[in-house]
Amino acid sequence: MEAINASIGFDKRMAEQDIEGSRAHAAMLAACGIITSKDADAIEKGLLTILSEIERGEFPFSVALEDIHMNIESRLTDLIGEPAGRLHTARSRNDQVATDFKLWVRDQFDACITALDALMHAFLGQAEAGVNVVMPGFTHLQVAQPVTWGHHMLAYVEMFARDKSRMIDARARMNTSPLGAAALAGTSFPIDRDMTSKALGFDRPAANSLDAVSDRDFALDFLSAASICATHLSRMAEELVIWSSAQFKFVTISDRFSTGSSIMPQKKNPDAAELIRAKVGRINGSLIALLTIMKGLPLAYSKDMQEDKEQVFDAADSLMLALAAMTGMVQDMRPNEPELRAAAATGFSTATDLADWLVRALDMPFRNAHHVTGALVKMAEDQGCDLHELTLAQMQTVENAITDAVFEVLGVDNSVASRTSFGGTAPQNVTRQIKHWQKELS
């Protein structure tokens with residue numbers, strides 16, 4: 001029973017939050033005349049002593065005392081005697097753990113938001129350096145149209161900006177204080193929940209005591225946001241694995257984020273990227289685990305909810321490590337411009353530019369232009385050349401209205417420069433978006 005019931009092995013990570021909540025609670029009890037100022041002062045000094053012991057690694061954690069709450073209360077009794085027994089007046093471990101856990105998750109949201117800012121800055125640095133670097137854009141992992149390196153990097157800025165937005169939204173939504181809800185029904189003591197809420201940085205007290213101790217939506221929100229963010233990290237990691245391969249050579253990952261082989265001396269493995277790609281499995285698993293834990297629980301508190309913390313702790317650790325590693329890789333990586341440019345010109349990547357030119361210059365319906373372009377692509381394939389290598393005479397055998405002005409749109413630089421629609425890859429657009437994001441992140 002002791003083994004299955006104890007949570008001190010993992011919930012000791014909330015020691016700082018538990019002490020913060022207890023200090024606020026004790027100060028409120030004294031302000032409301034529920035305990036004396038003398039007892040509140042003794043509790044405050046005792047709790048600060050315990051915090052110092054924990055920070056120095058000298059606190060005697062005990063499995064027999066089950067959890068962080070009872071461990072701290074027991075040590076407080078050792079230090080100050082009878083006044084320690086007054087600390088738990090007008091609260092329960094139910095609202096206590098909900099408060100501690102909310103404070104911990106809120107801190108993680110803040111840490112993730114800061115880490116996302118750093119990652120977005122890293123992508124912006126790459127984008128700024130690669131405004132005019134041409135690379136292939138892919139659909140179905142097949143060369144589709146030329147884009148710029150800066151445009152590709154900005155795509156990830158947009159993705160991680162949405163992750164940041166989700167974190168900010170979830171943080172705001174969770175910021176109500178459970179403290180004072182007691183076991184499930186509130187308390188008969190004349191407490192001031194607004195006082196403790198303000199002291200702990202919450203926007204307001206939770207309005208329903210049953211919901212306050214039952215709610216783990218904030219943990220689910222964190223895991224959901226973490227899962228989506230990890231998915232974005234995994235997508236970039238996958239691109240880095242592909243791009244750094246000998247077959248692509250699009251990018252060089254620094255030695256700081258690569259490893260060698262134990263047997264093949266020529267190998268340089270993108271292990272950091274591969275491990276980031278794997279982290280999404282752990283984080284997704286934590287989300288599914290907590291959803292499954294919560295799905296059948298009646299109001300209010302059930303011991304099942306003790307299983308929430310390890311899932312969130314593990315996901316938070318995995319996400320923060322992945323964010324830090326990706327930030328380092330993005331800062332250090334070097335795009336290989338010759339390989340990127342050469343690849344951008346393969347696969348008839350300017351075929352759409354040709355079709356668009358036929359529409360603009362010859363007033364041809366797009367479906368007709370699509371057909372003509374397809375015929376020219378087939379001709380180039382048969383000739384073993386690219387579109388821009390066909391002669392004007394050859395093109396005119398398919399459509400005699402084509403003029404030599406068509407060659408102005410067939411180069412990859414001309415292609416990317418023409419994509420000036422809002423959100424397009426044109427260098428002037430990329431520069432404008434970089435300035436926008438630099439201002440946003442400043």
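Below, the structure is looked at part by part. (Residues numbered from 1 in each chain as written. Predicted model: local features only at pLDDT ≥ 70, side-chain atom pairs only at ≥ 80, totals over all residues. Heavy atoms only, no water.)

## A word on the overall build of the chain
In step 1: Helix and strand content of the chain: 18 helices and six strands.
In step 2: For the chain, whose C-alpha radius of gyration is 30 Å, the value lies well above the compact-globule estimate of 22 Å for 442 residues.
In step 3: Overall, the chain is about 100 × 55 × 40 Å in size when its C-alpha atoms are taken along their principal axes.
In step 4: When contacts within the chain are restricted to residue pairs at least 6 apart in sequence, long-range pairs at least 24 apart make up 75% of them.
In step 5: Taken as two groups, the 41 positive and 58 negative side-chain charges of the chain have centres that lie 2 Å from each other. (Helix = DSSP H or I, 4+ residues; strand = E, 2+ residues; numbered from the N terminus. Rg over C-alpha atoms; globule rule 2.2 N^0.38 Å. Contact = heavy atoms within 4.5 Å. Lys, Arg positive; Asp, Glu negative; His and termini not counted. Charge placed at Lys NZ, Arg CZ, Asp CG, Glu CD.)

## Considering the packing of aromatic side chains
In step 1: A full pass over the atoms with the stated rule returns 12 aromatic pairs.
In step 2: An angle of 15° between the planes, with centres 5.4 Å apart, marks the rings of F123 and Y156 as stacked. Within this pair, whereas F123 is found in helix α6 (residues 93-129), its partner Y156 is found in helix α7 (residues 149-174), the two being separated by 33 residues in sequence.
In step 3: Among the residues examined, Y156 registers a relative accessible area of 5% and is labelled buried. (Phe/Tyr/Trp six-rings, centres within 6.5 Å; stacked < 30°, edge-to-face > 60°. Buried < 20%, exposed > 50% of the residue type's maximum accessible area, 1.4 Å probe, protein only.)

## A closer look at the nonpolar core
In step 1: In this structure, L233, L240, W243 and M326 are the most contacted members of the largest nonpolar core, which totals 79 residues.
In step 2: Those elements that place two or more of their residues in this core are α6, α7, α10 (217-243), α11 (271-294), α12 (308-332), α13 (337-344) and α18 (427-441).
In step 3: With 16 residues, α10 is the largest single contributor of residues to this core.
In step 4: Residues within four places of M326 in sequence aside, it is in contact with L119, L233, M236, A237, L240 and I276. (Core = buried A, V, L, I, M, F, W, Y, C linked by side-chain atoms within 4.5 Å.)

## A word on helix α5 (residues 68-80)
In step 1: In this model α5 runs 18 Å from its N-terminal to its C-terminal C-alpha over 13 residues, within 8% of the 18 Å that 1.5 Å per residue would give.
In step 2: By the burial criterion, the buried members of α5 are I68, H69, N71, I72, E73 and L76.
In step 3: Those residues of α5 that are buried are in contact with α2 (8-11), α3 (15-31), α4 (37-55) and α6.
In step 4: One side-chain oxygen of the residue at the start of α5 lies 3.1 Å from the amide nitrogen of H69, identifying that residue as D67.
In step 5: G81 lies just past α5 and shows a positive phi near 75°. (Expected span 1.5 Å × (residues − 1). Polar contact = N/O pair within 3.5 Å; in protein donor to acceptor, adjacent residues only side chain to side chain.)

## Description of the pairing of strand β1 (residues 134-139)
In step 1: Of the strand pairs in this sheet, β1 and strand β2 (residues 142-148) are connected by six bridges, and their pairing is antiparallel. Residue pairing in the sheet places G137 in a bridge with Q145 of β2.
In step 2: Between β1 and β2, which pair antiparallel one after the other, the connecting turn spans two residues, and H140 there sits at a positive phi close to 55°. (Pairing = 2+ DSSP bridges.)

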